[in-house]
Amino acid sequence: MTAPIDRQKNQAEYWNQRQKAAALLGPDAVAAVWYDACRMVARQSQKHGDTEVWNRLASHLHDFFQHHKA
């Protein structure tokens, strides 16, 4: 396998393990795992020159907030 494929496989395994462990703690822990994963994607994208990804993530979070606020 090539290095990028190995890295993707390792990342998938890592996030799957974190999600499985978080599921035992509750839905808030699962949400925290996905938030961490999204930030990781944004940091990696920024590292490769795509700084707009942070704005897209913020927009999704804003939409979620607007839809679910009390």
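Above this text sits the structure in question.
Residues numbered from 1 in each chain as written. Predicted model: local features only at pLDDT ≥ 70, side-chain atom pairs only at ≥ 80, totals over all residues. Heavy atoms only, no water.

Participant: Just checking my understanding: could you explain the environment of Ala42 for this structure?
Facilitator: The residue Ala42 is located in helix H2 (residues 27-47) in this model. For Ala42, a relative accessible area of 1% translates into the label buried. Sequence spacing of Ala42 and Glu52 is 10 residues, and the spatial spacing of their C-alpha atoms is 8.8 Å. Discounting residues that sit within four places of it in the chain, Ala42 has contacts with Val53, Trp54 and Leu57. (Helix = DSSP H or I, 4+ residues; strand = E, 2+ residues; numbered from the N terminus. Buried < 20%, exposed > 50% of the residue type's maximum accessible area, 1.4 Å probe, protein only. Contact = heavy atoms within 4.5 Å.)

Participant: Looking at this structure, how should I read the packing of helix H1 (residues 3-23) against H2?
Facilitator: In a packed pair of helices, the relevant descriptors are the angle between the two axes and the axis-to-axis distance. For the pair H1 and H2, the least separation of the axes is 7 Å and the interaxial angle reads 155 degrees. What the angle tells us is that H1 and H2 run roughly antiparallel. Once H1 is placed against H2, the crossing between them reads as right-handed. Side by side, H1 and H2 meet where Arg7, Gln11, Trp15, Arg18, Gln19, Ala22 and Ala23 of the first sit next to Ala29, Val30, Val33, Trp34, Asp36, Ala37, Met40 and Gln44 of the second. In the contact of H1 with H2, the residues fall into nine nonpolar, three polar and three charged. (Axes fitted to C-alpha atoms, helices over the stretch in contact; angles between N-to-C directions. Parallel < 35°, antiparallel > 145°, perpendicular 65-115°, else oblique. Left-handed = near helix turned anticlockwise from the far one by under 90°. Nonpolar A, V, L, I, M, F, W, Y, C, P; charged D, E, K, R; others polar.)

Participant: I keep staring at H2 and nothing clicks. Help me out?
Facilitator: Think of an α-helix as 3.6 residues a turn; residues three or four steps apart then line up on the same face. For H2, built from 21 residues, the straight-helix expectation of 30 Å at 1.5 Å per residue is met to within 8% by its first-to-last C-alpha distance of 30 Å. Looking only at H2, the buried set comprises Ala29, Val30, Val33, Ala37, Met40, Ala42 and Ser45. Packed against the buried residues of H2 are H1 and helix H3 (52-68). A positive backbone phi angle near 100 degrees is found at Gly49, which sits one or two residues after H2. (Expected span 1.5 Å × (residues − 1).)

Participant: How should I be thinking about the pattern of salt bridges in this particular structure?
Facilitator: Should their charged atoms come close, side chains of opposite charge can pair. Applying the stated criterion to the full structure yields three salt bridges. Note that Arg18 is salt-bridged to Asp36, the shortest N-O span being 2.8 Å. Of the two residues, Arg18 is situated in helix H1 and Asp36 in helix H2; the sequence distance between them amounts to 18 residues. Close ionic contact of Arg56 with Asp50 constitutes a salt bridge, the shortest N to O distance being 2.9 Å. On the accessibility criterion, Asp50 (27% relative accessible area) is partly exposed. (Salt bridge = Lys/Arg side-chain N within 4 Å of Asp/Glu carboxyl O.)

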